[in-house]
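Okay, here's what each chain looks like letter by letter:
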Amino acid sequence: MNIILLGPPGAGKGTQAQRLVERHGMKQLSTGDMLRAAVKAQTPVGLKAKAVMEAGELVSDEIVSALIGDELDAMPEGQGAIFDGYPRTAPQAESLGELLASRGKKLDHVIELDVNEDALVERITGRYTCASCGKGYHDTFEKPAVEGTCDKCGGHEFKRRPDDNEETVRTRMAEYRAKTAPILPIYEVQGIVARVDGMADMDEVTAAIEAILGKR
Ligand code: ADP
Ligand code: AMP
């Protein structure tokens, strides 16, 4: 099964994708994670993307679609994909359709996480991850069971994203409204969009997503 998790920054896409990976062995394909890895490794893509990401703007469609194509090629036959943060524009949605079709795959669900924008700044400015395994946390909403120790891998180092500040978040939300939300109708006509209340508790959001996945 191949699904898109769609929603503005902080909606909970990464949180829910990590849970689907653990429960179902699906592969999380986060273009944000891929780009951050490229920035860290100072690859040509990373060098191009760094300033754009720090400003909260969108990296070019060609770059992100190429990253997704490479990841799809590296996946074992039969493994399901969770597209997280991709597609973000109409041309990316078109590319994704072509990338999947040329590999004999298709999209099963587009799950929109419906959230109140006012809550997102708090979610994003409180977000951090384990530096070793990438498990996501929040200062208020998802603390490790033992302070300073990752629940998943026992690591003690955590990191915050340079673009998780209020000013950049506002730009990222505006980009979402202007360029990403308008791609929903493309999938609505295909009859594959489901909406989930992203303001609910994390576990409730997971249960709602599981119910959708169970339908097909
Ligand atoms: P996205 O990948 O959509 O940008 P994340 O999954 O990283 O969003 O979530 C942003 C922050 O909000 C994280 O710190 C996460 O722990 C927290 N979070 C995610 N889902 C919820 C929820 N349903 N309720 C409260 N906090 C949440
Ligand atoms: P994310 O981790 O999804 O919040 O993405 C972080 C940043 O990476 C975004 O603000 C963009 O600058 C860039 N980015 C991630 N995915 C895409 C994409 N599909 N298209 C364009 N830019 C992207």
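Computed from a predicted structure; not experimentally measured.

Rules and cut-offs
Residues numbered from 1 in each chain as written. Chains lettered and ligands numbered in written order. Predicted model: local features only at pLDDT ≥ 70, side-chain atom pairs only at ≥ 80, totals over all residues. Heavy atoms only, no water. Near = heavy atom within 4 Å. Polar contact = N/O pair within 3.5 Å; in protein donor to acceptor, adjacent residues only side chain to side chain. Areas by Shrake-Rupley, 256 points an atom, 1.4 Å probe, with all protein chains shown as cover. Helix = DSSP H or I, 4+ residues; strand = E, 2+ residues; numbered from the N terminus. Nonpolar A, V, L, I, M, F, W, Y, C, P; charged D, E, K, R; others polar. Salt bridge = Lys/Arg side-chain N within 4 Å of Asp/Glu carboxyl O. Buried < 20%, exposed > 50% of the residue type's maximum accessible area, 1.4 Å probe, protein only. UniProt positions renumbered as here; feature names shortened; annotations may be inferred. Contact = heavy atoms within 4.5 Å. Pairing = 2+ DSSP bridges.

## Brief notes about the site of ligand 2
Ligand 2 sits among 16 residues. The nearest are Thr31, Arg36, Glu57, Gly85 and Gln92. In the environment of ligand 2, a nitrogen atom lies 2.8 Å from a nitrogen or oxygen atom belonging to the side chain of Thr31. A distance of 2.5 Å separates an oxygen atom of ligand 2 from a polar atom in the backbone of Glu57. Protein chains bury 96% of the 490 Å² of accessible surface belonging to ligand 2 in isolation. Top element by residues in the shell around ligand 2 is helix α2 (residues 31-40). It accounts for 4 residues. In terms of residue class, the shell around ligand 2 is built from 6 nonpolar, 4 polar and 6 charged.

## Let's talk about the pattern of salt bridges
A side chain of one charge can pair with a side chain of the opposite charge if their charged atoms are brought near each other. Per the stated rule, a full pass over the model turns up 19 salt bridges. A salt bridge links Arg103 to Asp73; the nearest nitrogen and oxygen atoms lie 2.8 Å apart. A residue pair is termed long-range when its members are at least 10 positions apart, and Arg103 in the loop between α5 (90-101) and β4 (109-114) and Asp73 in helix α4 (residues 61-74) qualify at 30 residues. The class of Arg103 is partly exposed, set by a relative accessible area of 28%. Here Asp73 falls in the exposed class, since its relative accessible area comes to 52%. Here Glu117 ties to Arg177 by a salt bridge, and the two come within 2.9 Å at their closest N and O atoms.

## As for the UniProt feature "binding site: ATP" (unreviewed entry) in the protein
Feature annotation in UniProt places "binding site: ATP" (unreviewed entry) on Gly10, Ala11, Gly12, Lys13, Gly14, Thr15, Arg127 and Ala200, given in this structure's numbering. Mapped onto the fold, Gly10 is located in the loop between β1 (3-6) and α1 (13-24). For Gly10, a relative accessible area of 14% puts it in the buried group. When sequence neighbours within four positions are dropped, the list of residues in contact with Gly10 reads Leu120, Arg123 and Ile124. On the secondary structure map, Thr15 appears in helix α1. With residues up to four places along the chain from it excluded, the contact list for Thr15 reads Glu142 and Met202.

## With respect to the side chain of Thr89
Looking at where Thr89 falls in the secondary structure, it is placed in the loop between β3 (81-84) and α5. Of note is the side chain of Thr89, whose polar atom sits 2.9 Å from the side chain of Asp61. When sequence neighbours within four positions are dropped, the list of residues in contact with Thr89 reads Leu58, Asp61, Lys179 and Ile183.

## Thoughts on the UniProt feature "domain: Adenylate kinase active site lid" (unreviewed entry) in the protein
The feature "domain: Adenylate kinase active site lid" (unreviewed entry), as annotated in UniProt, sits at residues 127-163 in this numbering. Structurally, residues 127-163 is divided into 0% helix and 24% strand, and its ends, taken at the C-alpha atoms, are 11 Å apart.

## Focus on the side chain of Asp163
Within the secondary structure, Asp163 sits in the loop between β7 (158-159) and α7 (166-180). Residue contacts for Asp163: discarding those within four places in its chain leaves Met53, Thr168, Val169 and Arg172.

## A word on the sheet that holds β7
In spatial order, the strands read β6-β5-β7; together these 3 strands make up an open sheet with antiparallel pairing. In the strand order of this sheet, the two ends are held by β6 (136-138) and β7, each with one partner. Bridging between strand β5 (residues 127-130) and β7 involves 2 bridges; their strand directions are antiparallel. When the bridges of β7 are listed, Cys130 appears paired with Phe158.

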